[in-house]
Amino acid sequence: MSSTRKRLYIKTYGCQMNVYDSERMKDVLTPLGYETSDEAEGSDLVIINTCHIREKAAEKLYSDLGRLRPFKDAKAESGGMTIAVAGCVAQAEGPEIMRRAPTVDLVVGPQSYHKLPELIARAHRARGEALDTEFEVEDKFDLLPAERHVEGYSAFVTVQEGCDKFCTFCVVPYTRGAEWSRPVDQLVNEIRRLAAKGVREITLLGQNVNAYHGAPPAGREADGPWGLGQLLRHIALIGGIERVRYLTSHPRDMDEDLIAAHRDETKIMPYLHLPIQSGSDRILKAMNRQHTYAEYAELIARMREVRPDIAISGDFIVGFPGETDADFEDTMKCVREIGYASAFSFKYSRRPGTPGAAMPNQIDETVKTERLHALQALLDEQQTGFNRSQIGRTLPVLFEKAGRIAGQLHGRSPYLQSVHVDGPAELIGRIGMVRIEDASRNSLSGQLVGAEQDVA
Ligand code: SAM
Ligand code: SF4
């Protein structure tokens with residue numbers, strides 16, 4: 001272990017899985033003497049953790065690299081600055097990045113983060129050798145440090161990577177490879193350690209998390225692979241863990257056991273992120289989503305049957321090739337019928353190498369923009385309405401940190417809403433009961449009503 005402290009700056013783009021990966025890269029580098037810094041300038045190591053899901057990812061990367069150049073030059077006399085590119089753009093375009101950007105010292109794909117110390121050493125010897133974009137995921141989680149540095153009381157844990165669904169708009173199957181699930185025991189060990197550090201809420205992550213099918217715990221081999229429902233129930237038994245969530249699911253993989261787990265296990269929060277992308281059966285077919293709108297609506301109805309208060313969230317894409325006004329109207333109808341508590345919506349982005357990119361009838365940008373505005377106005381209205389429907393209710397809130405105003409606490413409701421309330425700092429890391437008095441599109445506020453549940 002090195003005794004000299006070095007500064008590490010990581011810039012993270014994209015989804016929560018990248019946030020998790022950035023945390024794990026810090027865990028790998030801490031034993032080498034790296035401490036995280038909030039600024040790239042003056043840092044010894046800068047990592048850009050990229051996302052490839054929508055276009056402009058590569059442009060963003062090259063403009064970041066341009067901004068880093070003067071910092072790297074300035075640091076040349078005092079130990080130098082190593083610049084690494086990680087994430088899905090690294091995976092997809094590694095050799096091109098090394099060729100085009102001489103400021104980059106190393107390129108590391110998502111399955112090779114445990115090899116960072118070796119890659120940094122190799123980059124210091126000879127730049128051209130430090131490129132690792134292996135696809136094998138098997139080793140990574142065994143070889144990452146068991147110790148995780150965590151801040152706060154809610155933590156992400158990646159349980160599944162990759163995807164075999166091949167939706168025609170999506171690069172994930174190409175950048176993250178085939179679906180692969182971590183063994184149950186490995187996850188339980190990681191979560192036990194997090195619980196011992198005070199974590200109370202776990203969000204299980206996967207590009208297609210409900211396709212989880214991990215090796216069962218020791219002694220339960222006869223079960224065969226466990227699904228997500230079994231995993232959630234098992235994690236809910238870990239001492240100290242009070243809340244369990246998961247992201248992001250595909251409608252085709254919502255099996256009966258997972259639905260039943262929402263009915264039986266109160267630690268599974270009443271919140272489901274279940275993207276549909278489009279309300280038009282014609283577009284769903286062209287997207288290769290492998291289900292219809294009616295099947296999706298039926299699934300949501302089942303979820304509401306077992307957990308009537310469940311908050312539904314989703315993702316939508318407007319302007320997929322061939323989308324007509326009537327198809328878009330089907331998406332608006334879907335939103336009105338389902339009723340979303342929150343949602344993410346995007347303009348279709350043409351990803352080279354995916355079938356969608358080669359389809360005829362690509363939609364004009366101005367049409368995409370108009371449709372996105374109309375959809376977002378409706379989704380915003382629904383989100384505000386959902387938040388306001390909580391006024392008068394008393395909700396359990398997990399307090400995560402002090403609020404921006406002195407004396408205020410910030411926490412999350414079971415439905416993942418931000419909640420602000422006046423209260424003592426001792427409540428941070430605990431669940432308190434809050435009577436909701438006001439709500440806007442982005443947050444709730446109210447009064448602490450004392451009867452907090454001490455989970456510390
Ligand atoms: N596996 C999840 C599913 O099937 O619903 C989605 C995971 S994907 C990483 C996150 C979201 O990015 C998608 O739900 C989709 O809405 C959006 N997305 C993916 N590819 C896109 C593209 N080419 N253009 C616009 N949005 C895209
Ligand atoms: Fe991409 Fe999700 Fe479709 Fe997989 S299921 S290809 S991650 S959108």
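These numbers come from a predicted model, not from an experiment.

Engineer: An account of the site of ligand 1 is needed here, citing residue identities and associated values.
Structural biologist: The local shell around ligand 1 holds 18 residues, among which Gln-207, Gln-277, Arg-289, Asp-315 and Ser-349 are the closest. Separating an oxygen atom of ligand 1 from a side-chain N or O atom of Gln-277 is a distance of 2.7 Å. For ligand 1, an oxygen atom lies 2.8 Å from a polar atom in the side chain of Arg-289. Surface burial for ligand 1 is 90%, taken as the share of its 570 Å² of free accessible area covered by protein chains.

Engineer: Report on the site of ligand 2, specifying residues and quantitative values.
Structural biologist: Close to ligand 2 lie Cys-163, Lys-165, Phe-166, Cys-167, Phe-169, Cys-170, Val-172, Pro-173, Gln-207, His-250 and Arg-289, which account for all nearby residues. Its residues assigned to classes, the shell around ligand 2 comprises seven nonpolar, two polar and two charged.

Engineer: Before we move on, can you summarise the nonpolar core with the specific residues and values?
Structural biologist: Counting 54 residues, the largest nonpolar core has Ile-202, Leu-204, Leu-228, Leu-231, Tyr-246, Met-254 and Tyr-340 as the members making the most contacts within it. Excluding residues within four positions of it along the chain, Met-254 makes contact with Asn-210, Tyr-246, Ser-249, Ile-259, Leu-272, Leu-274, Leu-299 and Met-303. Membership of the second largest hydrophobic core comes to 25 residues, among which are Val-28, Ile-47, Leu-106 and Trp-180.

Engineer: Break down the pairing of strand β17 (residues 418–422) for me, citing the residues and quoting the values.
Structural biologist: Direction of pairing for strand β16 (residues 408–412) relative to β17: antiparallel, over a ladder of five bridges. Each residue of the ladder has a partner; that of Leu-409, found in β17, is Val-421. Here β16 folds back onto β17, and the loop between the two strands holds five residues, one of which, Leu-416, carries a positive phi near 70 degrees.

Engineer: If you had to explain the packing of aromatic side chains to someone new, which residues and values would you point to?
Structural biologist: Scanning all chains against the criterion turns up five aromatic pairs. Residues Phe-316 and Tyr-340 carry aromatic rings whose centres are separated by 5.2 Å and whose planes lie at 85 degrees to one another, so their mutual orientation is edge-to-face. Taken together, the positions of Phe-316 in strand β13 (residues 311–318) and Tyr-340 in the loop between α12 (325–338) and β14 (342–347) put the pair 24 residues apart, joining distant regions of the chain. As far as the burial class goes, Phe-316 and Tyr-340 line up, both buried.

Engineer: Can you tell me about the pairing of β13, naming the residues and giving the values?
Structural biologist: On a regular strand, one side chain projects to one face of the sheet and the next to the other, so that they alternate. Buried residues dominate β13, accounting for eight of its eight residues. In β13, alternate side chains face the same way, and those of Ala-311, Ser-313, Asp-315 and Ile-317 on one face and Ile-312, Gly-314, Phe-316 and Val-318 on the other are all buried. Both strand β12 (residues 271–273) and β13 contribute to a ladder of three bridges, which runs parallel. Each bridged residue has a counterpart across the sheet, and for His-273 the counterpart in β13 is Ser-313. Two elements, β13 and β14, share six bridges in a ladder whose sense is parallel. Pairing of Phe-316 across the sheet is with Ser-345, part of β14. Traced from β13 through α12 to β14, the parallel crossover comes out right-handed.

Engineer: So what about the sheet that holds strand β4 (residues 82–86)? Which residues, and what values?
Structural biologist: On the basis of which strands lie adjacent, the open sheet formed by six strands has the order β2-β1-β3-β4-β5-β6 and parallel pairing. This sheet does not close on itself; its edge strands, each paired only once, are β2 (34–36) and β6 (131–132). Here helix α3 (residues 87–100) sits on the sheet in contact with β3 (45–50), β4, β5 (106–108) and β6, set at roughly 145 degrees to β5.

Engineer: Kindly report on the sheet that holds β14, identifying the contributing residues and their values.
Structural biologist: With parallel pairing, the three strands of this open sheet are ordered in space as β12-β13-β14. Both outer strands of the open sheet, β12 and β14, are each paired with one neighbouring strand and no more. Strand-to-strand twist in this sheet, taken as the mean axis angle between neighbours without regard to direction, amounts to 10 degrees. Here helix α13 (residues 365–388) sits on the sheet and contacts β13 and β14; the angle it forms with β14, its principal contact strand, is near 175 degrees.

Engineer: Before we move on, can you summarise empty space enclosed by the protein with the specific residues and values?
Structural biologist: In this structure the tally under the stated criterion is one cavity of 30 Å³ or more. In this model, the largest cavity occupies a volume close to 30 Å³. Around the largest cavity, the lining residues are Ala-146, Glu-147, Arg-148, Glu-190, Arg-193, Leu-194 and Lys-197. Its residues assigned to classes, the lining of the largest cavity shows two nonpolar, no polar and five charged.

Engineer: Go over the environment of Phe-169 with me, naming the residues and quoting the values.
Structural biologist: In this fold, Phe-169 is placed in the loop between β8 (160–161) and α6 (172–175). The exposure class assigned to Phe-169 is buried, which follows from its relative accessible area of 10%. In sequence terms Phe-169 and Arg-54 are 115 residues apart; their C-alpha atoms lie 9.7 Å from each other. When residues no more than four places from it in sequence are discounted, the contact partners of Phe-169 are Gln-277, Met-287, Arg-289, Ile-317, Phe-320, Tyr-348, Arg-351 and Thr-354.

The rules behind each value
- Residues numbered from 1 in each chain as written.
- Chains lettered and ligands numbered in written order.
- Predicted model: local features only at pLDDT ≥ 70, side-chain atom pairs only at ≥ 80, totals over all residues.
- Heavy atoms only, no water.
- Near = heavy atom within 4 Å.
- Polar contact = N/O pair within 3.5 Å; in protein donor to acceptor, adjacent residues only side chain to side chain.
- Areas by Shrake-Rupley, 256 points an atom, 1.4 Å probe, with all protein chains shown as cover.
- Nonpolar A, V, L, I, M, F, W, Y, C, P; charged D, E, K, R; others polar.
- Core = buried A, V, L, I, M, F, W, Y, C linked by side-chain atoms within 4.5 Å.
- Buried < 20%, exposed > 50% of the residue type's maximum accessible area, 1.4 Å probe, protein only.
- Contact = heavy atoms within 4.5 Å.
- Pairing = 2+ DSSP bridges.
- Helix = DSSP H or I, 4+ residues; strand = E, 2+ residues; numbered from the N terminus.
- Phe/Tyr/Trp six-rings, centres within 6.5 Å; stacked < 30°, edge-to-face > 60°.
- Right-handed = clockwise from strand over helix to strand, strands pointing away.
- Axes fitted to C-alpha atoms, helices over the stretch in contact; angles between N-to-C directions.
- 1 Å grid on protein atoms, 1.4 Å probe; cavity = no way out; pocket = protein on both sides within 12 Å on 5 of 7 lines; lining within 4 Å.
- Points joined across faces, edges and corners; volume = space filled by probe spheres on them.

In short, the description is geometric, and any link to function would need to be established separately.
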